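Residues per chain are reported as follows:
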Amino acid sequence: MFMRSMRRLLIVMSAAMIAACQAAAPPPLPTPENEGISRAAASNLAIIEWVRSPENIIFRADVEGGYAADSIRGKRDVPNCTIYGDARVVWVNELDPFRREVLYDRLAPAVIADYIAYLTINERIYTFATPTAAVPVYDAVVETIRINVNGIDQRTDGFSGWDGDDDWFRRVLAACRSLSGTPILFEPTNGWMSAIEVPYVQENPALTWDVAVTGLDLGESAALDTPLWVTDAAAVQIWRAQNDQPSRFVFQQGERYFQVALQVPGISRNSPSAP
């Protein structure tokens with residue numbers, strides 16, 4: 001506990017030293033390479049460290065709750081904005097109530113360090129902490145933030161004290177989404193598929209599932225107790241549907257109907273690792 005407190009203090013004190021030498025900065029803009037970065041960016045890189053692994057989450061802004069993570073809808077979820085240890089940023093762009101894009105890019109380490117410094121100095125992120133006596137929320141939808149640098153993995157949520165500033169979460173999320181200057185539309189080549197057979201409901205949008213095109217029988221997949229690793233046409237068709245259709249959509253295969261979800265490792269919130 002003592003060492004954890006000292007590491008937290010080091011981050012805050014170092015950020016304060018940077019702030020004393022420069023005016024409070026707006027959300028950072030992307031820089032193509034570390035070469036030629038500013039003195040302030042170099043200082044941030046010297047102070048801020050993280051595990052540079054594709055599985056490691058450096059930062060995540062998300063909205064959680066409201067339905068079970070292991071439900072079909074829960075398995076389709078992609079967090080609002082995540083920065084991973086291998087310098088990938090992945091975020092969701094909401095196009096309308098039923099349509100979204102999943103975008104990604106790879107950032108220069110200096111951009112990530114500047115963003116963490118921005119969160120520390122401008123947004124005072126280390127002054128917010130989830131209450132130790134957790135309040136039962138019973139499937140409540142809550143905004144959450146995770147920041148994991150310098151050996152400190154801190155998680156906060158809408159009960160942590162930022163609710164006095166209605167724009168705080170929106171600003172932090174918007175800054176994360178603006179880190180990339182060259183967003184790339186994500187489309188998978190593989191992922192974990194879950195399928196459940198359901199009764200026909202006229203109001204549910206029904207999309208045709210062609211076994212000859214996808215090479216996959218949804219009836220056989222629905223009989224499995226665990227997700228099935230799928231590739232190519234099957235993965236793309238499911239991914240496009242779950243990002244372009246109302247959540248109640250189904251795939252029709254012959255006279256049968258299925259709810260289907262695709263989880264992509266390193267993209268979806270609760271995806272298993274790749275096989």
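Residues numbered from 1 in each chain as written. Predicted model: local features only at pLDDT ≥ 70, side-chain atom pairs only at ≥ 80, totals over all residues. Heavy atoms only, no water.

Chemist: Would you explain the overall build of the protein chain in this entry?
Modeler: When its secondary structure is counted, the protein chain shows 8 helices and 12 strands. For the protein chain, the proportion of contacts with a sequence separation of at least 24, taken over those separated by at least 6, is 74%. (Helix = DSSP H or I, 4+ residues; strand = E, 2+ residues; numbered from the N terminus. Contact = heavy atoms within 4.5 Å.)

Chemist: I tried to follow the sheet that holds strand 8 (residues 190-198) on my own but got confused; where do I start?
Modeler: Strands pair in a sheet through their backbones, by hydrogen bonds, and they do so in one of two ways: parallel or antiparallel. Pairing is mixed in the open sheet, where 5 strands are placed in the order 9-11-12-8-10. Each of the sheet's edge strands pairs with one partner strand only, and the pair in question is strand 9 (206-208) and strand 10 (228-231). Shown here is a sheet whose adjacent strand axes are inclined to one another by a mean of 45 degrees, direction ignored. (Pairing = 2+ DSSP bridges. Axes fitted to C-alpha atoms, helices over the stretch in contact; angles between N-to-C directions.)

Chemist: Honestly, the pattern of salt bridges in this entry has me stumped. Any pointers?
Modeler: Opposite charge on two side chains makes pairing possible when the charged atoms of those side chains draw close. Within the structure shown, the criterion is met by 11 salt bridges. Close ionic contact of Arg88 with Asp86 constitutes a salt bridge, the shortest N to O distance being 2.9 Å. Accessibility expressed as a relative area gives 13% for Arg88, which makes it buried. A salt bridge links Glu187 to Arg240; the shortest N-O distance between them is 2.8 Å. (Salt bridge = Lys/Arg side-chain N within 4 Å of Asp/Glu carboxyl O. Buried < 20%, exposed > 50% of the residue type's maximum accessible area, 1.4 Å probe, protein only.)

Chemist: Quick question: what am I supposed to make of the environment of Leu95 here?
Modeler: If you trace the backbone, Leu95 turns up in strand 3 (residues 88-96). A relative accessible area of 36% places Leu95 in the partly exposed class. A C-alpha to C-alpha distance of 9.4 Å links Leu95 and Asp244, two positions 149 residues apart in sequence. The contact partners of Leu95, leaving out residues within four places of it in the chain, are Arg100 and Glu101.

Chemist: So what exactly am I meant to see when it comes to the confidence of the model for the protein chain here?
Modeler: Looking at the protein chain as a whole, its pLDDT mean stands at 84, while 80% of the residues score no less than 70. Within the protein chain, strand 2 (residues 81-84) carries the highest mean pLDDT (98), whereas helix 1 (residues 2-21) carries the lowest (44). Between residues 9-26, whose pLDDT stays under 50, and residues either more than four places distant or in other chains, the model counts 19 contacts. Note on residues 28-36: pLDDT is under 50 here. Beyond four places in sequence and across chains, it has 20 contacts. (pLDDT = per-residue confidence, 0-100.)

Chemist: Just checking my understanding: could you explain the side chain of Arg76 for this structure?
Modeler: Assignment of secondary structure puts Arg76 in the loop between helix 3 (72-75) and strand 2. Buried charge Arg76 goes without a salt bridge, the closest partner of opposite sign being Asp77 at 8.5 Å. Within polar-contact distance, the side chain of Arg76 engages the backbone oxygen of Ser247 at 2.8 Å. Not counting residues within four places of it along the chain, the set of residues in contact with Arg76 comprises Arg100, Gln242, Ser247, Phe249, Val260, Ala261 and Leu262. (Lys, Arg positive; Asp, Glu negative; His and termini not counted. Polar contact = N/O pair within 3.5 Å; in protein donor to acceptor, adjacent residues only side chain to side chain.)

Chemist: Even after reading the chapter, I still don't get the environment of Leu119, so can you show me in this structure?
Modeler: Its location among the elements puts Leu119 in helix 4 (residues 109-121). Given a relative accessible area of 0%, Leu119 falls into the buried group. As for Leu119 and Ile147, which are separated by 28 residues in sequence, their C-alpha atoms are 9.3 Å apart. Excluding its chain neighbours within four sequence positions, the residues that come into contact with Leu119 are Phe59, Arg124, Ile125, Ile147 and Val172.

Chemist: Honestly, helix 5 (residues 168-177) in this entry has me stumped. Any pointers?
Modeler: When helix 5 is considered as a whole, its buried residues turn out to be Trp168, Phe169, Val172, Leu173, Ala175 and Cys176. Buried residues along helix 5 cover an arc of 160 degrees about the axis, so they all sit on one side. In this structure, the buried residues of helix 5 make contact with strand 1 (57-64), strand 2, strand 3, helix 4 and strand 5 (142-149). (Arc of directions from axis to C-beta.)

Chemist: What exactly am I supposed to notice about the sheet that holds strand 5 here?
Modeler: Pairing is antiparallel across the open sheet formed by 7 strands, whose spatial order is 6-5-1-2-3-4-7. Among the strands making up the open sheet, the edge pair consists of strand 6 (152-157) and strand 7 (184-185). In this structure, strand 3 lies alongside strand 4 (residues 99-106), joined through 8 bridges in antiparallel fashion. Its bridge partner lying in strand 4, Val89 is registered against Asp105. Sheet contacts for helix 4: strand 1, strand 2 and strand 5; angle to strand 1, the most-contacted strand, approximately 55 degrees. Strands in contact with helix 5 are strand 1, strand 2, strand 3 and strand 5; relative to strand 1, the strand with the most contacts, it is inclined by about 130 degrees.

Chemist: Sorry if this is basic, but what is going on with the pairing of strand 12 (residues 256-263) here?
Modeler: On a regular strand, each side chain points to the face opposite its neighbour's, so the side chains alternate between the two faces of the sheet. Counting buried positions over the 8 residues of strand 12 gives 6, a clear majority of the element. As paired elements, strand 8 and strand 12 share 7 bridges and run antiparallel to each other. Within the sheet, the bridge partner assigned to Ile196 lies in strand 12 and is Gln259. Strand direction decides the pairing type here: strand 11 (residues 250-253) and strand 12, joined by 3 bridges, are antiparallel. In the sheet register, Gln253 faces strand 12, and the bridge partner there is Arg256. Taking the residues that link successive antiparallel strands as the turn, the strand 11-strand 12 hairpin has 2 residues, and the phi of Gly254 there is positive, at about 65 degrees.

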